[in-house]
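Geometric and topological summary
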Amino acid sequence: RAPRGRAASARRRRRSSALVLLLGLLSTGVLWSVLAPGGNAAQTADANEAVRQGRALYAQGCSTCHGLGAQGSTTGPSLIGVGAAAVDFQVSTGRMPLAAPAAQADRKPALYSQTQIEQLAAYIDSLGGGPEVPKITDAALDDADLSHGGELYRANCAQCHQAVAQGAPLTYGKFAPSLSESTPTQIVEAMRTGPESMPVFGDRQIDEKDAVAVAAYVEHLTKSKSPGGFSLGKYGPVPEGLLGLLVGVGGLLVVCLWIGARQKV
Ligand code: HEC
Ligand code: HEC
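Remember, predicted model here, so these are calculated numbers, not experimental data.

**Some points on the coordination of the iron atom of ligand 2**
At this site the iron atom of ligand 2 is bound by His161 (NE2) and Met198 (SD), with donor distances of 2.0 to 2.2 Å. For the iron atom of ligand 2, the six donor atoms in the first shell make angles of 86 to 178° at the metal, a pattern classed as octahedral. Placement of His161 in helix α8 (residues 158-161) and of Met198 in the loop between α9 (184-193) and α10 (208-223) is noted, with a sequence separation of 37 residues between them.

Structure follows, in structure tokens:
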């Protein structure tokens, strides 16, 4: 009887270990379906689709100057490694596609929709990373330290873009444009990518929070109404002072002369 009992208990052990294995597999499956990051595969598919669409848009509108593989040509620089931020900046400000070679690309109405810009950016980003499109929330702008943003603006930007962000000419037919139409995203993108003769302001120089503060300050400068009334075109303190001198003191002089002329001696 003993051998038969051993065989039965071995069979029972085998059956119970099969049951444990089955339970283990089942619970792993259930856990996986509950805990696995949802929509991951779908997201990757979306990203691939954006890159594919972006490549098609690129081939049509940009490759003549920047080369079929974005490696650059005699009429446009290489775009490998410039990052999504550079594409978003250049295309959303209408600078690209460039109509004709010029000293500097002008701001124009954007030719591509926001979705198309994202697709172009996804394609260029897929060729080699670079600065990403900054995500700036309204809350972050509201919370920004305006006076610190102002200090940073005067120290880093005002020498080119002028004290009230109206822009100013540079050398060789180039100019620092007015910032009155720039969105906060475009302002941070310009800092991170340094278009044309503008220097790059990296993370280590002006960090994320400070960059938002600069953007908030520029918004404040260009979008808020003049508290003093007529702004004289916001040309800054020197022209405004000169106008004050000419009109104010000049006007008083005219009054004095008039009084003097009427005085019968
Ligand atoms: C007629 C030629 C031409 C066409 C078409 C053109 N570009 Fe450009 N692109 C240039 C030149 C020249 C520059 C550099 C001068 C400048 O930045 O003003 C440039 C600069 C850029 C930059 C900045 C690179 C950097 O180093 O920051 C980006 C990004 C860019 N182009 C993207 C595009 C995209 C996207 C398109 C298509 C929608 C496009 N360009 C179409 C000529 C062109
Ligand atoms: C050396 C001069 C120089 C300095 C300093 C400079 N910029 Fe610029 N900036 C330029 C030039 C030149 C352009 C035009 C680039 C182009 O058209 O491709 C420009 C373009 C821009 C634009 C795009 C404007 C538009 O059309 O919407 C923004 C925004 C901007 N700068 C913000 C800044 C900020 C913020 C700072 C300081 C952190 C700064 N710049 C410092 C020269 C400068």
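Let us keep going from here.
**Looking at the side chain of Asp88**
Structurally, Asp88 is set in helix α4 (residues 83-92). No salt bridge forms around the buried Asp88; measuring N to O, its nearest opposite-charge neighbour Lys135 is 9.8 Å away. Ignoring anything within four residues of it in the chain, the contact list for Asp88 reads Thr93, Gln114, Ile117, Val133, Thr185 and Glu189.

**Quick look at the site of ligand 1**
The local shell around ligand 1 holds 18 residues, among which Cys62, Cys65, His66, Met96 and Leu98 are the closest. Taking His66, its side chain carries an N or O atom lying 2.7 Å from a nitrogen atom of ligand 1. Where the shell around ligand 1 is concerned, the elements lending two or more residues are α3 (63-66) and α4. It is α4 that contributes the most residues to the shell around ligand 1, four residues altogether. Of the residues in the shell around ligand 1, the class split is 13 nonpolar, four polar and one charged.

**Some remarks on a nonpolar patch on the surface**
On the surface, Leu242, Leu243, Leu245, Leu246, Val247, Val249 and Leu253 cluster together to form a nonpolar patch covering roughly 690 Å² of accessible area. When you line up the elements, Val247 lands in helix α11 (residues 237-262). On the basis of relative accessible area, Val247 is assigned to the exposed category, the value being 59%.

**A few points about the pattern of salt bridges**
Here the structure, examined in full by the defined rule, presents six salt bridges. Here Glu208 makes a salt bridge to Arg192, at a shortest N to O gap of 3.8 Å. Here Arg192 lies in helix α9 and Glu208 lies in helix α10, a separation of 16 residues in the sequence. On the accessibility criterion, Glu208 (42% relative accessible area) is partly exposed. Residue classification places Arg192 among the buried positions, given a relative accessible area of 13%. Here Lys223 ties to Glu219 by a salt bridge, and the two come within 3.2 Å at their closest N and O atoms. Within this pair, Lys223 and its partner Glu219 are both found in helix α10, separated by four residues, close to a single helical turn. Residue Glu219 is classed as partly exposed on the basis of its relative accessible area, which comes to 23%.

**Brief notes about the packing of aromatic side chains**
All chains considered together, the criterion is met by two aromatic pairs. Their ring planes at 50° and their centres at 5.3 Å tell us that Tyr58 and Tyr123 sit as a pair that is tilted. Of the two residues, Tyr58 is situated in helix α2 (residues 40-61) and Tyr123 in helix α5 (residues 114-126); the sequence distance between them amounts to 65 residues. The exposure class of Tyr58 is buried, given its relative accessible area of 1%.

**Structural notes on α9**
Counting buried positions along α9 yields nine of 10 residues, so the element is predominantly enclosed. Of all the residues in α9, the buried ones are Pro184, Gln186, Ile187, Val188, Glu189, Ala190, Met191, Arg192 and Thr193. Contacts made by the buried residues of α9 are with α4, α6 (138-143) and α10. At the exit of α9 stands Gly194, carrying a positive phi of roughly 55°.

**Points about the coordination of the iron atom of ligand 1**
Here the iron atom of ligand 1 is held by His66 (NE2) and Met96 (SD), and the distances to it run 2.0 to 2.3 Å. Because the angles between the six donor atoms bound to the iron atom of ligand 1 fall within 86 to 179°, the donor set is best described as octahedral. Linking His66 in helix α3 with Met96 in the loop between α4 and α5, this pair joins segments that are 30 residues apart in sequence.

**Quick word on α5**
Here α5 spans 18 Å end to end across 13 residues, near enough to the 18 Å set by a 1.5 Å rise per residue. All buried positions along α5 are accounted for by Ile117, Gln119, Leu120, Ala121, Tyr123 and Ile124. At the exit of α5 stands Gly128, carrying a positive phi of roughly 150°.

**Details of the site of ligand 2**
Close to ligand 2 lie 25 residues; Arg107, Cys157, Cys160, His161 and Met198 are nearest. For ligand 2, an oxygen atom lies 3.2 Å from a polar atom in the backbone of Ala105. Within the side chain of His161, an N or O atom sits 2.8 Å from a nitrogen atom of ligand 2. Looking at the shell around ligand 2, the elements that each hand over two or more residues are α8 and α9. Residue composition of the shell around ligand 2, grouped by class: 16 nonpolar, six polar and three charged. Counting the residues that make up the shell around ligand 2, at least three belong to each of domain 1 (46-126) and domain 2 (138-229).

Parameters and conventions
Residues numbered from 1 in each chain as written. Chains lettered and ligands numbered in written order. Predicted model: local features only at pLDDT ≥ 70, side-chain atom pairs only at ≥ 80, totals over all residues. Heavy atoms only, no water. Donors = N, O, S within 2.8 Å, 3.2 Å for Na, K, Ca; no water. Tetrahedral: all angles 85-135°; square planar, octahedral: opposite > 155°, others 65-115°. Helix = DSSP H or I, 4+ residues; strand = E, 2+ residues; numbered from the N terminus. Buried < 20%, exposed > 50% of the residue type's maximum accessible area, 1.4 Å probe, protein only. Lys, Arg positive; Asp, Glu negative; His and termini not counted. Salt bridge = Lys/Arg side-chain N within 4 Å of Asp/Glu carboxyl O. Contact = heavy atoms within 4.5 Å. Near = heavy atom within 4 Å. Polar contact = N/O pair within 3.5 Å; in protein donor to acceptor, adjacent residues only side chain to side chain. Nonpolar A, V, L, I, M, F, W, Y, C, P; charged D, E, K, R; others polar. Patch = residues over 30% accessible without salt bridge, like charges linked within 9 Å, V, L, I, M, F, W, Y side chains within 5 Å. Areas by Shrake-Rupley, 256 points an atom, 1.4 Å probe, with all protein chains shown as cover. Phe/Tyr/Trp six-rings, centres within 6.5 Å; stacked < 30°, edge-to-face > 60°. Expected span 1.5 Å × (residues − 1). Domains from an automatic or database assignment.

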